[in-house]
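Here are the chains, one letter per residue:
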Amino acid sequence: MSGTVLVTGGSGYIAGYTIRQLIAEGWTVRTTVRSMTREAELRGLLSVDNTRLSFHEADLENDAGWAEAVAGCTHVAHIASPFPGGGVRDPQDLIRPARDGVLRALRFAHDAGVRRFVMTSSSAAIAYGHVPDREIYTEADWTNPDYPGTPAYTQSKTIAERAARDWIKAEGRGYDGTKMEFCTVNPVMVCGPVMSADYSTSVMLIEKILSGSLGGAPDFGFGVVDVRDVADIHVRALLADNMAGERLIASGPFLKIVEIAHILKERLGPQGRKIATRKIPDFLIRFAALFSPTVAQVTGELGKTRNMDASHARDVLGWVPRPVEETLVDCARSLIEHGIVRVN
Ligand code: NAP
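A brief look at the structure comes next. Quick caveat: nothing in here was measured; it's all calculated off a predicted structure.

Attention shifts here to the environment of valine 5. By secondary structure assignment, the location of valine 5 is in strand E1 (residues 4-7). Among the residues examined, valine 5 registers a relative accessible area of 0% and is labelled buried. Residues valine 5 and threonine 31 lie 26 residues apart in sequence; the distance between their C-alpha atoms is 8.3 Å. Residues within four places of valine 5 in sequence aside, it is in contact with Leu22, Trp27, Thr28, Val29, Arg30, Cys73, His75, Val76, Ala77 and Leu238.

This paragraph deals with unusual backbone geometry. In this chain, valine 131 is followed by proline 132 through a cis amide linkage whose omega measures -5 degrees. Relative to the assigned elements, proline 132 resides in the loop between strand E5 (116-120) and strand E6 (136-137). Even without being glycine, serine 47 reaches a positive phi, approximately 45 degrees. Topologically, serine 47 is positioned in the loop between helix H2 (39-46) and strand E3 (53-57). Judged by its relative accessible area of 57%, serine 47 falls in the exposed class. Unusually for a residue other than glycine, asparagine 242 sits at a positive phi of about 55 degrees. Within the secondary structure, asparagine 242 sits in the loop between helix H7 (227-239) and strand E11 (247-250).

Turning our eyes to something else, we now look at helix H1 (residues 13-24). Since the α-helix turns once every 3.6 residues, residues separated by three or four places project in the same direction. With 12 residues, H1 ought to run about 16 Å at 1.5 Å a step, and its terminal C-alpha atoms sit 17 Å apart, in line with that. Where burial is concerned, most of H1 is hidden: 10 out of the 12 residues are buried. Among the residues making up H1, those that are buried are Tyr13, Ile14, Ala15, Gly16, Tyr17, Thr18, Ile19, Gln21, Leu22 and Ile23. Each element contacted by the buried residues of H1 is listed here: E1, strand E2 (28-33), H2, E3, strand E8 (189-191) and H7.

Turning our attention to the sheet that holds E2. Pairing is parallel in the open sheet, where seven strands are placed in the order E3-E2-E1-E4-E5-E7-E11. Each of the sheet's edge strands pairs with one partner strand only, and the pair in question is E3 and E11. Going across the sheet, the axis of each strand differs from the next one's by a mean of 20 degrees, ignoring polarity. By the bridge criterion, five bridges tie E2 to E3 in an arrangement that is parallel. Across the sheet, arginine 30 pairs through a bridge with serine 54, a residue of E3. Most of the contacts of helix H4 (residues 92-111) go to E5, to which it runs at about 170 degrees, and overall it touches strand E4 (75-78), E5 and strand E7 (181-187).

Let us look at the pairing of E2. The side chains of a regular strand alternate between the sheet's two faces. Of all six residues in E2, five are buried, a share of seventy percent or more. The parallel pair E1 and E2 is bridged by H1, and the resulting crossover is right-handed. For the segment spanning E2, H2 and E3, crossover handedness is right-handed.

Let us look at the packing of helix H6 (residues 204-211) against helix H12 (residues 324-337). It is at 10 Å that the axes of H6 and H12 come closest, and there the two elements cross at 75 degrees. When the axis of H6 is compared with that of H12, the two are roughly perpendicular. Only Leu328, Cys331, Ala332, Leu335 and Ile336 of H12 make contact with H6, whose side of the interface consists of Ile206, Glu207 and Leu210. Tallied by class, the residues present in the contact of H6 with H12 amount to seven nonpolar, no polar and one charged.

Soluble globular proteins tend to pack their nonpolar side chains together in the buried interior. In this structure, Val7, Val29, Ile206, Leu210, Leu264 and Leu328 are the most contacted members of the largest nonpolar core, which totals 81 residues. Leu60, Val70, Ala80 and Phe182 belong to the second largest nonpolar core, which has 24 residues in total.

Looking now at the site of the ligand. Lining the immediate surroundings of the ligand are 25 residues, of which Ser11, Arg34, Tyr153, Lys157 and Ser200 lie closest. In this structure, glycine 12 approaches the ligand through a main-chain N or O atom, which is 3.2 Å from an oxygen atom. Considered on its own, the ligand offers 890 Å² of accessible surface; in the complex 88% of this is hidden by protein. Counting residues per element, the ones that place at least two in the shell around the ligand are H1, helix H5 (152-170) and E8. For the shell around the ligand, the class distribution of residues is 12 nonpolar, nine polar and four charged.

Another aspect to go through is the pattern of salt bridges. Scanning all chains against the criterion turns up 24 salt bridges. As a salt-bridge pair, glutamate 39 and arginine 43 come within 2.9 Å of each other at their nearest N and O atoms. With a gap of four residues between them, glutamate 39 and arginine 43 both fall in helix H2, about one helical turn apart. Look at arginine 43 and you get buried, because its relative accessible area is 18%. Here arginine 228 and aspartate 226 are joined by a salt bridge, their closest N and O atoms 2.8 Å apart. You can call aspartate 226 buried: its relative accessible area is 1%.

Calculation rules
- Residues numbered from 1 in each chain as written.
- Predicted model: local features only at pLDDT ≥ 70, side-chain atom pairs only at ≥ 80, totals over all residues.
- Heavy atoms only, no water.
- Helix = DSSP H or I, 4+ residues; strand = E, 2+ residues; numbered from the N terminus.
- Buried < 20%, exposed > 50% of the residue type's maximum accessible area, 1.4 Å probe, protein only.
- Contact = heavy atoms within 4.5 Å.
- Expected span 1.5 Å × (residues − 1).
- Pairing = 2+ DSSP bridges.
- Axes fitted to C-alpha atoms, helices over the stretch in contact; angles between N-to-C directions.
- Right-handed = clockwise from strand over helix to strand, strands pointing away.
- Parallel < 35°, antiparallel > 145°, perpendicular 65-115°, else oblique.
- Nonpolar A, V, L, I, M, F, W, Y, C, P; charged D, E, K, R; others polar.
- Core = buried A, V, L, I, M, F, W, Y, C linked by side-chain atoms within 4.5 Å.
- Near = heavy atom within 4 Å.
- Polar contact = N/O pair within 3.5 Å; in protein donor to acceptor, adjacent residues only side chain to side chain.
- Areas by Shrake-Rupley, 256 points an atom, 1.4 Å probe, with all protein chains shown as cover.
- Salt bridge = Lys/Arg side-chain N within 4 Å of Asp/Glu carboxyl O.

Here you go:
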């Protein structure tokens, strides 16, 4: 089955691959962008059957354009949410668009008669602020956004997913299978090939490892998953039966920076010559955090391992991510091909 689906945030990394897969599988796609001036450039990058893709101007922070964007859609993949690279001055600058944006998209989707609404949440809404930390996190876990030092992005994803689930419950829709069904996809750090030099924050770490600008390997890491597999889990979640209320972790293995650096150095040959694999002591990272809000965001992660159990997505959707080595190498090669990282 395929229908007409609204993908929010068509300029984004995950949205781009999701749009490609949806169109390849016969869907008609409508997508939102903050400015229509990006339409021609994005059509060029996506390079899909243009007759089945339309662009609509809509911002997460106001109502203009949403009714038109979602009109005639049976499904929504709500992927747009702010994901900045550095720290932010006021956490509300992220929390407000993330939370109000999903509530706005839900309201307009419901009014338009949408049957299935898939929200891109995050492992950020699952695995942080736990005391003590767990060995492995599942869909039953929720981040405590009030835990001291929780980054604004982590807060924004947790608060937005909570708000969306509360809205669905309060409106009495989504859990009885007869009205709009709501579920979330919760990915870990998303990497893989980039389509252009306008890439997601999550790819910056690979860019820094490949270019050697990290100068070594701090003792922290992330679960890693491929952008093509994240697109695939969205498409599966749009289509599968009985998705109401589901929460689906999209994760490959948890890797420390030093492991990512070794995988890339071994597989890239001369292209990996700038990659540094020596460990950076924790005290140096803590010192650097005094001067950099971006580094300050990761000091709480030093020494930690956050494994995510993705078996539920495999069981209910048959979703199996590709080997993480392929994800990392394809990501690195695309950064080189697009001239983002110079390796000579
Ligand atoms: P991305 O490339 O930065 O995409 C973010 C998208 O959200 C862009 O299209 C951006 O539009 C849009 N957006 C941001 N603020 C907006 C606003 N106020 N109004 C309308 N659109 C707005 O990031 P991504 O990696 O594809 O992330 C997509 C989603 O996946 C996000 O919800 C993110 O939290 C989630 N996620 C990502 C990862 C990851 O590692 N990448 C992991 C877990 C979850 P502009 O181009 O106009 O800025």
